[in-house]
Amino acid sequence: MSHTLGIRQAQKQKTRQALMDSALRLLEHQSLSSLGLREVTREVGVAPAAFYRHFAGTADLGVALVEQALDSLHGTIRAAIVTTGSSDERIDRAVALIAQHVRTHPAHVRFIARERHGGVAPVREAIGVQLRRFADEVAEALGSDPESVGWSRGDVRMLAGLYVDHMVMTASALLEGGEEGVLGVARAQLRLVTLGRRHWLD
């Protein structure tokens, strides 16, 4: 009996993932608010009613995609904010990691870039929650950096938010092409932030 349940659970998970993969492909050229359930289920080869065994609606599907897209970024962000090396080395490492993530997960990056300010409120809120979590993680790392001595907790959190916003902005810009130019601008912007950081307490 337990073996049968295990097979059913595995099949259910497989169908759920297939629906998410289908939606992500379709969302390459449209927003979530315009996505139809029949489009998604037709591509997977299941009846439209089967969709509701996995998601309450497209908003629920979108929130699941947000979690999938941004959960994978935690490791990248932790690696990007390592406080070892010179400031230029840290900047180069951060920019290279963002570029690599976009090359590896372009559909996820496109989805987040489009839906961050899109028309589906639960998805916007889910993205906001995840990005605030990223900023909290960055703030924790920055707080132990010698360069942050004397900074208030609020100022460290503000700086962390700047870094996260910059990562999202750079990732979005990379989707439009011209990687060399985008990365050059990203490095220059981070150097400007670094310079401002050094003189924040002056």
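Use the structure listed above.
Described below are features of the structure shown in this document. Note that the coordinates shown come from a computational prediction; the quantities given were computed from them, not determined experimentally.

The subject of this paragraph is the overall build of the protein chain. Helices and strands together make up the secondary structure of the protein chain, namely 9 helices and 0 strands. When the helices and strands of the protein chain are read in sequence order from the N terminus, they spell out α-α-α-α-α-α-α-α-α. Projecting the C-alpha coordinates of the protein chain onto the three principal axes gives extents of approximately 65 × 40 × 30 Å. Expressed as a percentage of its 202 residues, the buried residues of the protein chain come to 40%. For the protein chain, the proportion of contacts with a sequence separation of at least 24, taken over those separated by at least 6, is 66%. Accessible surface computed for the protein chain: about 11,000 Å², of which carbon and sulfur atoms make up 56%. Distance between charge centroids for the protein chain: 7 Å, based on 24 positive and 23 negative side chains.

Okay, the packing of aromatic side chains next. Taken as a whole, this structure holds 3 aromatic pairs when the rule is applied. Look at Phe 51 and Tyr 52: their rings are 5.6 Å apart centre to centre, the planes differ by 80°, and that puts the pair in the edge-to-face class. A connected cluster of aromatic rings, assembled from ring pairs, spans Phe 51, Tyr 52 and Phe 55.

Turning our attention to the environment of Gly 119. With respect to the secondary-structure elements, Gly 119 resides in the loop between helix 6 (106-115) and helix 7 (121-143). With 94 residues separating them along the chain, Gly 119 and Arg 25 place their C-alpha atoms 19 Å apart.

This brings us to helix 2 (residues 37-44). Looking at helix 2, one finds that the buried residues are Leu 37, Val 40 and Thr 41. Considered in projection along helix 2, the buried side chains sweep an arc of 90° and stay on one side of the axis. Exposed positions of helix 2 whose direction lies more than 90 degrees from the buried face are Arg 38 and Arg 42. Following helix 2 by one or two positions, Gly 45 adopts a phi angle in the positive range, close to 90°.

What follows concerns the side chain of Gln 130. Relative to the helices and strands, Gln 130 is located in helix 7. On the accessibility criterion, Gln 130 (6% relative accessible area) is buried. When residues no more than four places from it in sequence are discounted, the contact partners of Gln 130 are Val 66, Glu 67, Leu 70, Asp 71 and His 74.

This paragraph deals with the packing of helix 3 (residues 58-71) against helix 6. Their axes nearest at 10 Å, the elements helix 3 and helix 6 cross at an angle of 125°. The orientation of helix 3 with respect to helix 6, classified from their angle, is oblique. The way helix 3 lies across helix 6 gives a crossing that is left-handed. Here helix 3 contributes Gly 62, Leu 65, Val 66, Gln 68, Ala 69 and Leu 70 to the contact with helix 6, which in turn contributes His 108, Phe 111 and Ile 112. Looking at the contact of helix 3 with helix 6 residue by residue, the classes come out as 6 nonpolar, 3 polar and no charged.

A word on the pattern of salt bridges. A side chain with one charge can pair with a side chain of the opposite charge if their charged atoms come near. Using the criterion set out here, one finds 10 salt bridges in the structure. Across the pair Arg 90 and Asp 145 runs a salt bridge whose closest N-O atoms are separated by 2.9 Å. Placement of the pair is Arg 90 in helix 5 (residues 87-104) and Asp 145 in the loop between helix 7 and helix 8 (153-175), with a sequence separation of 55 residues. Just as Arg 90 is buried, Asp 145 falls in that class too. The salt bridge involving Glu 179 is made with Arg 103; its shortest N-O contact spans 2.8 Å. With Glu 179 in helix 9 (residues 179-198) and Arg 103 in helix 5, this residue pair connects regions lying 76 residues apart in the sequence. One connected set of salt bridges, linked through shared partners, spans Arg 90, Asp 145, Glu 147 and Arg 197.

In this section: the environment of Gly 143. The residue Gly 143 is located in helix 7 in this model. In this structure, the C-alpha to C-alpha distance between Gly 143 and Arg 157, residues 14 residues apart in sequence, is 8.8 Å. If near-sequence neighbours (up to four positions away) are discounted, Gly 143 is found in contact with Ser 148 and Val 156.

Criteria and thresholds
Residues numbered from 1 in each chain as written. Predicted model: local features only at pLDDT ≥ 70, side-chain atom pairs only at ≥ 80, totals over all residues. Heavy atoms only, no water. Helix = DSSP H or I, 4+ residues; strand = E, 2+ residues; numbered from the N terminus. Buried < 20%, exposed > 50% of the residue type's maximum accessible area, 1.4 Å probe, protein only. Contact = heavy atoms within 4.5 Å. Areas by Shrake-Rupley, 256 points an atom, 1.4 Å probe, with all protein chains shown as cover. Lys, Arg positive; Asp, Glu negative; His and termini not counted. Charge placed at Lys NZ, Arg CZ, Asp CG, Glu CD. Phe/Tyr/Trp six-rings, centres within 6.5 Å; stacked < 30°, edge-to-face > 60°. Arc of directions from axis to C-beta. Axes fitted to C-alpha atoms, helices over the stretch in contact; angles between N-to-C directions. Parallel < 35°, antiparallel > 145°, perpendicular 65-115°, else oblique. Left-handed = near helix turned anticlockwise from the far one by under 90°. Nonpolar A, V, L, I, M, F, W, Y, C, P; charged D, E, K, R; others polar. Salt bridge = Lys/Arg side-chain N within 4 Å of Asp/Glu carboxyl O.

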